[in-house]
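Observations on the model geometry
Residue strings, one per chain:
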Amino acid sequence: MPISAGSAPEVRPFGPLRGGAADAARSLVASARLAWAIEGNWAQPVYLAAFLIVRPLAFLGLFLAVLSIGGSLDVATIGFVVVGQAVFQIVSAALEGPTHALLDDRERYRTIRYIFATPSSLLPVSIGRSLVKASIAGFSALIVIGAGVLLGVPMRAGGPDLVLLVLVLPLGLLSVVGLGIVLGGICVQLRNDAWSYPEAVSSTVFLLCGAIFPLEVLPGPVQGISAALPITWWIEGLRRALLGTTSPGILGAMPTNELLLILAAGTAVIWLISPRLFVAGINRAREKGQLDRNTAS
Amino acid sequence: MSGSTSPAAVQATGIGRVFDAKGGPVTALDGIDLRIEPGELFGVLGPNGAGKSTLIKILSTLLLPSTGSASIFGLDVVTETARVRRIMNLVAGGDFSGYGLLTVREQLAMFAQFYGLPYREGMAKVDAQIASFGIEEIRDRKISALSTGQRQKLNFARSFLNDPWILFLDEPTIGLDVSAARDVRDRVRAFQAEQPGRTVLLTTHYMAEADEMCDRIAIVDHGRILAQGTPTELKRMVQKDALFVVGIDALPASMSLDSLRALPGVISVAARDADGSDASGVGSPMRRLAIGLKEDGALGGVISTLAAGGAHLQEISKSEPTLEEVFVQLVGRGISESDEVSDGE
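Residues numbered from 1 in each chain as written. Chains lettered and ligands numbered in written order. Predicted model: local features only at pLDDT ≥ 70, side-chain atom pairs only at ≥ 80, totals over all residues. Heavy atoms only, no water.

Our focus in this paragraph is the confidence of the model for chain B. Regions with low pLDDT should not have their predicted coordinates read in detail. Looking at chain B as a whole, the pLDDT averages 86, with 91% of positions reaching at least 70. This model gives residues 339-345 of chain B a pLDDT under 50, and the stretch forms 25 contacts once residues within four places in sequence are excluded. (pLDDT = per-residue confidence, 0-100. Contact = heavy atoms within 4.5 Å.)

Structure (structure tokens):
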């Protein structure tokens, strides 16, 4: 059919306009494949191994060394740190993932204008990239937990609580990815130093979410912020599923059912607002002319 | 064409764009009015910083205008972006974009998914484009290993995946060698020839490219359209009269330049030597006459008079100004000596 002015609103070049969900799923899968190619396609496998194995173990060793300065470490404390450190491998990857994907496409690969100019939304593209990064980080998390076992950390009798694990793991992951896309929507508006913000946020969350020390160590008002983070409850849930123990203080006092409810509610709230904030951020970047502007940062 | 009421391929009304900059607001576009009909290859010609890329970014939904409105085939570029993106595509020159770790085929396949093509249909189109561009031998090569010309071929192959109704080309031949640039131009022509109504908006600062390819051209500078029309119309703007060059062996003794100037329809007559320099001085070796006429038909009287006087005519050609001359007259400077304006481009 010849192209004619006025026929565009009704006629598609390749058939009827498909639903948003189908297009979003297609984009998510395509971007996940891309992320796998990028993240897993290291030139030297030895570097990939170093990144995935040595780095998390080095951090774990560092934290345990610092904590041992005050005296001998008991296995409960080691278990607390091991799970927190393991989960945070995934947290940081998922939290920083969307921002890194957007900035990589803008600054390094210079493809963001071509992706943005497709019918696909940047939202599933960013989520797909982030999920793959988080999955790869999951390998590092397993390595850290394995190290914990070698250090004598007593795992839950009878093995992990699989029911709790199956409920907690996806909820927590979703909540972190949701926070990550908010961060991506903010950082894509920034011209300079955009790369440093995700890491700064990730590090702050690391200190607040009870990954490395109990919430009671924090000042009172800051504990409120910690309790509002779904990540805090995610890590606690995973401790219970893997170690079969609870953390000290307010986290430990929370019944598991209520913990799940808080985590689910927090994740739902995050996903209620995070796509909107992401789209608003992208539109703001488009308005400012920042979306595809290479800043050489 | 401007009087037509049907939706145009591109309709822009009063498009303006102001960027915030450290030194204060910078106006990149200032009230652009444009109408491009389906099937046209429309060129936007201007120096760096003229606002060409900003215009393309707005029309291709990458950037919001500060003022004005624009539509693509009747679809608003601000409020109907999802629909606009289904019928358009974009290629920019010299940006070396691409995922270096992916192969040519992998990258095209990924974009086919982003364009919403079902997997099998998408892969069929990917392979068809690879064949069409003659890049089968690099289909499994990683993008990081491609030359500039190969990357631009890949970029064009990507842009054809969704069968766009309109293609935005932002300096597509910049940085390419002569052969690769010619190949790109051929591909664009073939793209339009394949289906009636396919429209191309091309920005360039290569005069010859614009002159050779475009049905109509808008000359822009400092965010404004200074003139638009067909290349011939633009040239007529700076040369309203017909100018012919007549080569002769010598002017007959019985004839003077003034006698030629007195002929009906003749505006001016100047003598030129073989190099085209002025040869009106006494004893100058005149070889050509540059004759300005009110209309082409007046040439017959001049030729008859010269022949009757015994002059031997060696050549007759019509002289037209180049787009470069049009540009210089309109902008006040050559395109290569333009100011670098930081306007977000």
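All right, on to the domain arrangement of chain B then. Along its sequence, chain B is carved into domain 1 (10-237 + 326-337) and domain 2 (241-319). Relative placement of domain 1 of chain B and domain 2 of chain B: their C-alpha centres are 45 Å apart. (Domains from an automatic or database assignment.)

Residues and elements named next belong to chain A. Its 14 residues give helix 9 (residues 230-243) an end-to-end C-alpha distance of 20 Å, which sits within 8% of 20 Å, the value for a rise of 1.5 Å per residue. Within helix 9, 14 of the 14 residues are buried, which leaves the element mostly enclosed by the surrounding structure. Where helix 9 ends, the next residue or the one after it, G244, has phi of about 75 degrees, a positive value. (Helix = DSSP H or I, 4+ residues; strand = E, 2+ residues; numbered from the N terminus. Expected span 1.5 Å × (residues − 1). Buried < 20%, exposed > 50% of the residue type's maximum accessible area, 1.4 Å probe, protein only.)

Attention now moves to a nonpolar patch on the surface. Residues and elements named next belong to chain A. On the surface, a nonpolar cluster with roughly 410 Å² of combined accessible area is contributed by F59, L62, V66 and I69. The topology assignment puts L62 in helix 2 (residues 45-67). The partly exposed category is assigned to L62, whose relative accessible area is 49%. (Patch = residues over 30% accessible without salt bridge, like charges linked within 9 Å, V, L, I, M, F, W, Y side chains within 5 Å. Areas by Shrake-Rupley, 256 points an atom, 1.4 Å probe, with all protein chains shown as cover. Salt bridge = Lys/Arg side-chain N within 4 Å of Asp/Glu carboxyl O.)

With that settled, the discussion passes to unusual backbone geometry. All names here are of chain B. Even without being glycine, F73 reaches a positive phi, approximately 45 degrees. Within the secondary structure, F73 sits in the loop between strand 4 (67-72) and strand 5 (75-76). Judged by its relative accessible area of 0%, F73 is buried. Despite not being glycine, E171 shows a phi value in the positive range, around 50 degrees.

Another aspect to go through is the environment of Q195(B). With respect to the secondary-structure elements, Q195(B) resides in the loop between helix 6 (178-194) and strand 8 (199-204). Separated by 67 residues in sequence, Q195(B) and A128(B) have C-alpha atoms that sit 17 Å apart.

This paragraph deals with the pattern of salt bridges. Counting across every chain of the model gives 25 salt bridges over all chains. Note that R113(A) is salt-bridged to D292(A), the shortest N-O span being 3.4 Å. Taken as a pair, R113(A) in helix 4 (residues 112-116) and D292(A) in the segment after helix 11 (256-288) lie far apart in primary sequence, 179 residues in all. What makes D292(A) buried here is its relative accessible area of 9%. One salt bridge connects K125(B) with D163(B), and the closest N-O pair in it is separated by 2.5 Å. A residue pair is termed long-range when its members are at least 10 positions apart, and K125(B) in helix 4 (residues 119-132) and D163(B) in the loop between helix 5 (148-159) and strand 7 (166-170) qualify at 38 residues. Look at D163(B) and you get partly exposed, because its relative accessible area is 25%.

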